[in-house]
Amino acid sequence: MIDIDNKTSLEVNSALLEKITSSVTDKDIELVVTTNDEIQQINKQYRNIDKPTDVLSFPYEEMPMSPLGSIVVSQDFVIAKAKELGHTQEDEFTLLFIHGLLHLLGYDHETDTGQMRKEEERLIYEFKLPKSLIVRTQG
């Protein structure tokens, strides 16, 4: 189950996100949708990086029955990137959600040898998301 705290007017396809989540884990997830201002504050507080970002992931301690963690997505990044790349806000949001979810599962594109990118691509195909999103996973 995904506990959604949407602090914005951005529409979230919770049914799709639930399907994606249940395909890779049986753990609960917290999803926060917020603005650039708030995600910048969170980024500064927890990562000591004083700038907004598109998505943050915070894994929880591994304990029986504990949620997997929290994903925070910036509505402002979703809107801007969808417009820039010519796809829907829902598609952009879904890609960022997948990215955050994979980080919660332990994937790390900064240190692995392409495993996270391959898993992103697999999920894009499995859930029939636009193939144009794969370009995002290559960079």
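Note that this is a predicted model, so its numbers are computed, not measured.

Rules and cut-offs
- Residues numbered from 1 in each chain as written.
- Predicted model: local features only at pLDDT ≥ 70, side-chain atom pairs only at ≥ 80, totals over all residues.
- Heavy atoms only, no water.
- Helix = DSSP H or I, 4+ residues; strand = E, 2+ residues; numbered from the N terminus.
- Buried < 20%, exposed > 50% of the residue type's maximum accessible area, 1.4 Å probe, protein only.
- Contact = heavy atoms within 4.5 Å.
- Phe/Tyr/Trp six-rings, centres within 6.5 Å; stacked < 30°, edge-to-face > 60°.
- Patch = residues over 30% accessible without salt bridge, like charges linked within 9 Å, V, L, I, M, F, W, Y side chains within 5 Å.
- Areas by Shrake-Rupley, 256 points an atom, 1.4 Å probe, with all protein chains shown as cover.
- Salt bridge = Lys/Arg side-chain N within 4 Å of Asp/Glu carboxyl O.
- Lys, Arg positive; Asp, Glu negative; His and termini not counted.
- Charge placed at Lys NZ, Arg CZ, Asp CG, Glu CD.

Asker: Pulling in residues and values, what's your account of the environment of Lys27?
Answerer: Its place among the elements puts Lys27 in the loop between α1 (14-24) and β2 (29-34). Placed 38 residues apart in sequence, Lys27 and Met65 show a C-alpha to C-alpha distance of 7.6 Å.

Asker: Report on the environment of His103, specifying residues and quantitative values.
Answerer: Structurally, the position occupied by His103 is in helix α4 (residues 89-104). With relative accessibility at 23%, the residue His103 sits in the partly exposed group. The spacing of His103 and Phe77 is 26 residues in sequence and 18 Å in space, taken between C-alpha atoms. His103 has contacts with Ser57, Asp108, His109 and Met116, leaving out every residue within four places of it along the chain.

Asker: Kindly report on the packing of aromatic side chains, identifying the contributing residues and their values.
Answerer: Counted under the stated rule, the structure contains one aromatic pair. Centre to centre, the rings of Tyr46 and Phe58 are 5.4 Å apart; their planes meet at 65°, and the pair counts as edge-to-face. Linking Tyr46 in helix α2 (residues 36-47) with Phe58 in strand β3 (residues 55-59), this pair joins segments that are twelve residues apart in sequence. The class of Phe58 is partly exposed, set by a relative accessible area of 22%.

Asker: So, a negative patch on the surface: which residues are in play, and what are the values?
Answerer: Residues Asp3, Asp5, Asp26 and Asp28 make up a contiguous surface patch of negative charge. Under the relative-accessibility criterion, Asp5 is labelled partly exposed at 34%.

Asker: Account for the pattern of salt bridges, naming residues and giving values.
Answerer: Evaluated as defined, the whole model comprises five salt bridges. The salt bridge partner of Arg122 is Glu119, with a shortest N-O separation of 2.7 Å. Taken together, the positions of Arg122 and Glu119, both in helix α5 (residues 115-126) and three residues apart, correspond to about one turn of that helix. Close ionic contact of Glu126 with Arg122 constitutes a salt bridge, the shortest N to O distance being 2.5 Å. With Glu126 and Arg122 both in helix α5 and four residues apart, this pair spans about one turn of that helix. Taking the relative accessible area as the measure of exposure, Glu126 reaches 37% and is therefore partly exposed.

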